[in-house]
Amino acid sequence: MNPLLSKPWAALLGRRLVQVLAVSLLIGTLCFLMVRALPGDLAMRVAAGRYGYDLVSNAAADAVRAELGLDRPGWLALLHWWRDMATFNLGQSLVSQRSVWHEVTHHLGATLRLSAAALAIAFAVGVPLGVWAGLRPQGWVDKASWLMAVVLRALPPFLLSVLLVLLVAVQWSFLPAGGDESQASLVLPALTLGLGLAAGLARVTRAAMREVVVSPFFEFARTKGLSDWQALVRHGLRNAAVPVTAYLGVQALFLVEGALVVETLFAWPGIGHALVHAVFGRDIPVVQGTALCMGVLFVVFNLLVDAACLALDPRHTQKVAK
Amino acid sequence: MNRLFNPFSPLTRRRALQAPVAALAAGALPAAWAQDTNPAAPPAPLQIVGPWEISGLAPASSGYVFTRMQVTETLLDAADDGQPRPALARLWRRSADGLVWQFELRAGARFHDGKPVTAAAVVRSLQAAQVAPALLSQAPIESITAPDEGTVLIRLQRPHTALPALLAHSSTMVLAPASYGADGKVRSIIGCGPYRIALLVPPQQVETVVFDAYDGPRPAIAAVRYLAASRAETRALMAESGQADLAYGLDPASLRRLQRHAQNPALARRTAVRIASVTLPRTVIVKLNAGLPALRDVRVRQALSLAIDRAGIALALMGDESLAATQLLPPMLGAWHNLDLPPLQHDPEAAARLLRAAGWQRHSDGLRNAQGQPLHLVIRTFVDRPELPLIATALQEQWRLAGIAVKVSIGNSGDVPRGHRDGSLQLALAARNYANVPDPTGTLAGDFAAQGGDWGAMGWHSDAVVQALQELTRTQTPPERTRALRQTITHTLQTELPVIPVAWYRQHVAVAPRLAGVTLDPLERSYRLTGMEWSNP
Amino acid sequence: MSSPPESLRAIPPEGGRTPVAWRSQFHGGAEAEPSVPPRPFRWPVRTVLGITLLGLLALFALLGPWLVGASPVVQDLRNTLAPPSAQHWLGTDVLGRSALARLAHAAQLSLGMALLAAVSAAVPGTLLGIAAAWRGGRTERALLMLSDSVLAIPGLLLVLLVAALAPGALWALYAGLSAALWVEYFRVSRAVARPVLAGDAVQASRLLGFGRGYVLRRHLLPALAPTLGTLLAFTTSQAVLALAALGFVGVGMQPPTPELGLMMTEAMPYYEEAPWLIAAPTALLVWLVAAMMLLNPDRETA
């Protein structure tokens, strides 16, 4: 029977739906309160964001304050915000005056593309390495991947990206050093993020492979007469895939946030960069809208990871339904 | 148990592992092949990269992006020295009493949507520019009208000689009526310049192509692309790898790197860029609150100035010792740079003497006044220009040696005007563009007015300066009188030091070898794309 | 609660190793194993190496500023970006300050701050995790929902918002980081505490009348200690990297305080003409992470 139609799945879905609602309300209110509590005059910050340091002045701030009605009392604004959330109206950015939904999808979409590419690279590089290291422990691949993991984990992303750009874009003139024009300009930032992830993924895959190789069912498969490769492919990989999927699920979320420095460096129009600008510029609607979308995305993504784990290993319904 | 539904059959798993690798290889190869361009094909678009992002479409927010790309035009232009030149207005007249200005528009000018440029459209754009902080709000305008299709009439309440300069600012750029939405906000950029917008993706990208119905000479460059990249290293690397033809906003480190590579053939990359430079009318200033008890005394302000090692700061942080400011306005502002003024010095002993004379005694932990209070100040600055926090750190150390404890507070650029209004500002470090309005008179009048200015004097005013600025603004003074008034102003600012100048600026641009005819605009109003052309290799 | 009576003190705490002599006593003595002296406990090479690296780093952080002697704030604007020499072992930075002195002070500050942030995340996280595992039921569900919701907020946003409450203040950075990091402690301590609290040993203790404090001290803490220890180490290195990223973005400490992230950001533009300036803080971070990974090779997530 299809595990995705079973009862644990329905329960899981139900719980996640409730979680989405609770998360949205909590995040929306929390962001609202926090941004209001920040120091600095809101109208002045918005004016500075809009007009830049050459033109910002008290007159500009007064005009912004009048235009946006920023001298409304806080509780009234909160009620307005709850009403807007209920009608899925995310409002307009205070700085650029474009619709928040448009801004968020534009930026978040770019970051998601980057994250997906980074995941693909990490998967393509890390998993085969991890499998090999797991099958031949203490070999040179194992030691090399450990060293790579340490170095890549500790190197700040901006340093790694500069090194990559120097090597690839300038020395070999292969790929663009910045911008968002073509598919090619995705490769370098994705490589920067993907390599670090690949190192960690290789180690996790290695650990999972070790567990599989010493397990009784693997030994039984070999005893049955299957070759190393057949036993691995038929029995080993699926069992090893569960912890790997869980790890990837957790790391992928960090990717979206951790892409901030990479986005700034490669002029990639992503969400981290936009979020920092919005917090500094006190662009409340953008901050709230971004937080909401990312929160919902988080829940949906968790759902997908749970579904993947469930499909991979239907026994672990207890673990998944935690 | 679940044979019927097994999404991970061996075949698909293997394919799942192979697919990303194949995709990666497939994705990278065309990019490599694309580098070999067919020489017969038209050259790739001119790629400009700079630090400025497009934050919204309002003319006051991002108008400068579009005037620089020559997509929109203003009523008047400005020459390098600030003199007004015709742009959209073919000629202009001023009435005898200076209260009525008449502008005749170019006959054949058209908007990018095909409609002709009418005076009504110009009036609408100008009226939008009267809302702060668009600079037209500085002029005492009574009304802007269009008596006929090709004439714009501006009536003033008082004479204002800087009006032509104000009309050259990007916030007064002229947009077609179709650009505005129903709520009066700008929804798209339909200008009347030699280039029209092909693609606009705020905040980072804009692509333009030549506008065929432009009534002037057709530019040689057919398509232009602008990309905003916020880090200087990225911009320099894009220039070196050939991805960008013009890279604006090079920091001293990137500049040195590019110069090193140009001199050493072994290090030369695929493209040997050359550097074009121009001095800007921008000064790094320390804005003071002269209303504070400690800073009310002019000797303390002069001591603060004498303690600054300007040559060291210019050398270490801006790459060129000659950028150390000797007075407020840099030499490129011509008549405003007063050669008779004694330059600002670095003299720690003289500073110590002045502080003692002002009543500050030197103790082991710094200066204290007669009541035993230490001299503690806070300097505010912002990160929008990356060299400012470093300059603030250098100033902090130099003043610490003089016995003044200064705390650096890095925040938002809006904190400075806000601190000016509520009186909480003590010191601020900023990079002031004195040709914000192409004629410095306008900027100075705003900064050093009787009640001070958000980016100028605070708690200080000088009747001589105020009167001189008023006379320059309201009347067309003869050259001798102009010179005398300017000297009064610069001399007073140099001795009283309501703002302390630190360093001037030079703009460096990396230019690709395939580009010829590149000139830089010191007023930063235009990239001068119409003057450029492809050089034959 | 009062200490247990004499006869019951023989029950070993959870997770402890049973000495051979005791074991034979428990099994009745008749079938005691032949008395083989136990193998002396030897630390694996990896752990020794990890502890050594960590120890050296801690020494550098604690004594470095005093040993180096030079001031990290004195500038020399005409001797900037100087290569390493006898006078300045790591050269000078863009303002002519001694890079080694700044590194020593930065190590002290960054590591200390990160440790403080990790501890201020660990304490509430662990307490809440134990509370959730202990109470179960509605409390646990509510806490789980809270932790899931906090996880759902982008960590970066949370840190930015909390840190922006007081720009440049240290406590705001701690608060921001711990708000983002406490969830992991919550989850780990709950996962460890649940089997312990449901186990026989705790049941026996409760039946014998021992109170909460005893259970906490004798059962939970020994079970949690190893996991929490390594988690603390990892959170510290996570916090150091997060602080570096924040400094990169412009939410850091105010000058002239030397801080690892700020140093890396300042040295970045000079990666070609003065690579040692960015190599030094980077090497320090690699050192830290290598020590962590050596100490606990099983935990691959950082």
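Computed from a predicted model, the values in this text were never measured in an experiment.

With that settled, consider the overall build of chain A. A count of helices and strands for chain A gives 13 helices and zero strands. Counted from the first residue to the last, chain A has its helices and strands arranged as α-α-α-α-α-α-α-α-α-α-α-α-α. Relative to its full complement of 322 residues, chain A shows a buried share of 54%. Across chain A, every contact between residues at least 6 apart in sequence was considered, and the portion connecting residues at least 24 apart equals 75%.

Summing up its helical and strand segments, chain B has 14 helices and 20 strands in all. Based on the C-alpha atoms only, the size of chain B along its principal axes is roughly 90 × 70 × 60 Å. Among the 537 residues that make up chain B, the fraction classed as buried is 50%. A separation threshold of at least 6 residues defines the contact pool for chain B, and within that pool the share at least 24 residues apart is 66%.

This part takes up the interface of chain B and chain C. Listed by partner, the interface residues are 23 residues for chain B and 19 residues for chain C. Sorting the residues of the side of chain B that touches chain C by element identifies α5 (232-240), α6 (252-263), α8 (310-318), α10 (387-401) and β16 (405-411) of chain B as the ones contributing at least two each. Counting residues per element, the side of chain B that touches chain C draws most heavily on α10(B), at seven residues. Tallied by class, the residues present in the side of chain B that touches chain C amount to twelve nonpolar, five polar and six charged.

Backbone hydrogen bonds are what pair the strands of a sheet, in a parallel or an antiparallel way. Residue and element names in this part refer to chain B. One open sheet accounts for four strands, arranged β4-β5-β7-β6; its pairing is antiparallel. Of all the strands in the sheet, the pair left with one neighbour each is β4 (89-94) and β6 (141-148). Averaged over all neighbouring strand pairs, the angle between strand axes comes to 20°, with direction disregarded. Sheet analysis places strand β5 (residues 100-105) next to strand β7 (residues 151-156), joined by five bridges and oriented antiparallel. Looking across to β7, one finds that glutamine 102 is bridged to leucine 153. Packed on one face of the sheet, helix α3 (residues 119-128) meets β5, β6 and β7 and runs near 165° to β6.

Taking strand neighbours across the sheet as the criterion, the ten strands line up as β8-β9-β10-β1-β11-β18-β12-β17-β15-β16 (chain B) in an open arrangement whose pairing is mixed. Across the chains shown, the open sheet's two edge strands, defined by having one partner strand only, are β8 (195-201) and β16 of chain B.

Let us look at the packing of helix α1 (residues 7-37) of chain A against helix α4 (residues 74-86) of chain A. All names here are of chain A. Running from N to C, α1 and α4 cross one another at 150°; their axes reach a closest spacing of 11 Å. What the angle tells us is that α1 and α4 run roughly antiparallel. Relative to α4, α1 is oriented so that their crossing is right-handed. Between α1 and α4, the residues in contact are Ser24, Gly28, Phe32 and Arg36 and Gly74, Leu78, Trp81 and Met85, respectively.

So, on to the confidence of the model for chain B. All names here are of chain B. On average, chain B scores 86 in pLDDT, and the residues at 70 or more come to 91%. The model gives residues 22-38 a pLDDT under 50, and that stretch makes eleven contacts with residues more than four places away or in other chains. Two summary scores accompany this predicted model of the complex, namely pTM at 0.83 and ipTM at 0.81.

What follows deals with the packing of helix α2 (residues 45-68) of chain C against helix α10 (residues 275-295) of chain C. Residues and elements named next belong to chain C. Here α2 crosses α10 at 150°, and the two axes come no closer than 8 Å. Comparing their axes, α10 and α2 come out roughly antiparallel. α2 and α10 meet at a crossing whose hand is left-handed. Facing α2, whose interface residues are Arg46, Thr47, Leu49, Gly50, Ile51, Leu53, Leu54 and Leu57, α10 presents Trp287, Leu288, Ala290, Ala291, Leu294 and Leu295. Its residues assigned to classes, the contact of α2 with α10 shows eleven nonpolar, two polar and one charged.

This part covers the confidence of the model for chain A. Low pLDDT marks stretches whose predicted atomic positions should not be read closely. Residue and element names in this part refer to chain A. For chain A, per-residue confidence averages 77 on the pLDDT scale, and 84% of positions sit at 70 or higher. Put simply, helix α13 (residues 317-320) is where chain A has its lowest mean pLDDT, 46, and helix α2 (residues 42-55) is where it has its highest, 86. Confidence drops under a pLDDT of 50 for residues 318-322, and excluding neighbours within four residues, the segment shows eight contacts in the predicted structure.

Located in the positive-phi region is B:Leu497, a residue other than glycine, with phi close to 50°. Here B:Leu497 lies in the loop between α14 (479-496) and β18 (499-511). Owing to 24 C-beta atoms within 10 Å, B:Leu497 belongs among the buried residues under this scheme. Backbone geometry places C:Leu81, a non-glycine residue, at a positive phi of 50°. One can find C:Leu81 in the loop between α2 and α3 (99-135).

A word on α8(B). Residue and element names in this part refer to chain B. Of all the nine residues making up α8, eight are buried; the element is thus mostly covered by neighbouring parts of the structure. The complete set of buried residues in α8 reads Arg310, Gly312, Ile313, Ala314, Leu315, Ala316, Leu317 and Met318. Contacts from the buried residues of α8 go to α6, α10 and β18. Immediately downstream of α8, the backbone of glycine 319 shows phi near 85°, a positive value.

Residues and elements named next belong to chain B. Here strand β12 (residues 274-288) pairs with β18 via twelve bridges, running antiparallel. Paired with valine 278 across the two strands is glutamine 507, which belongs to β18. For β12 and strand β17 (residues 427-433), the ladder comprises seven bridges, and the chain directions are antiparallel. Pairing of isoleucine 285 across the sheet is with alanine 430, part of β17.

Calculation notes
- Residues numbered from 1 in each chain as written.
- Chains lettered and ligands numbered in written order.
- Predicted model: local features only at pLDDT ≥ 70, side-chain atom pairs only at ≥ 80, totals over all residues.
- Helix = DSSP H or I, 4+ residues; strand = E, 2+ residues; numbered from the N terminus.
- Buried ≥ 20, exposed ≤ 12 C-beta atoms within 10 Å, placed from the backbone.
- Contact = placed C-beta atoms within 7 Å.
- Nonpolar A, V, L, I, M, F, W, Y, C, P; charged D, E, K, R; others polar.
- Pairing = 2+ DSSP bridges.
- Axes fitted to C-alpha atoms, helices over the stretch in contact; angles between N-to-C directions.
- Parallel < 35°, antiparallel > 145°, perpendicular 65-115°, else oblique.
- Left-handed = near helix turned anticlockwise from the far one by under 90°.
- pLDDT = per-residue confidence, 0-100.

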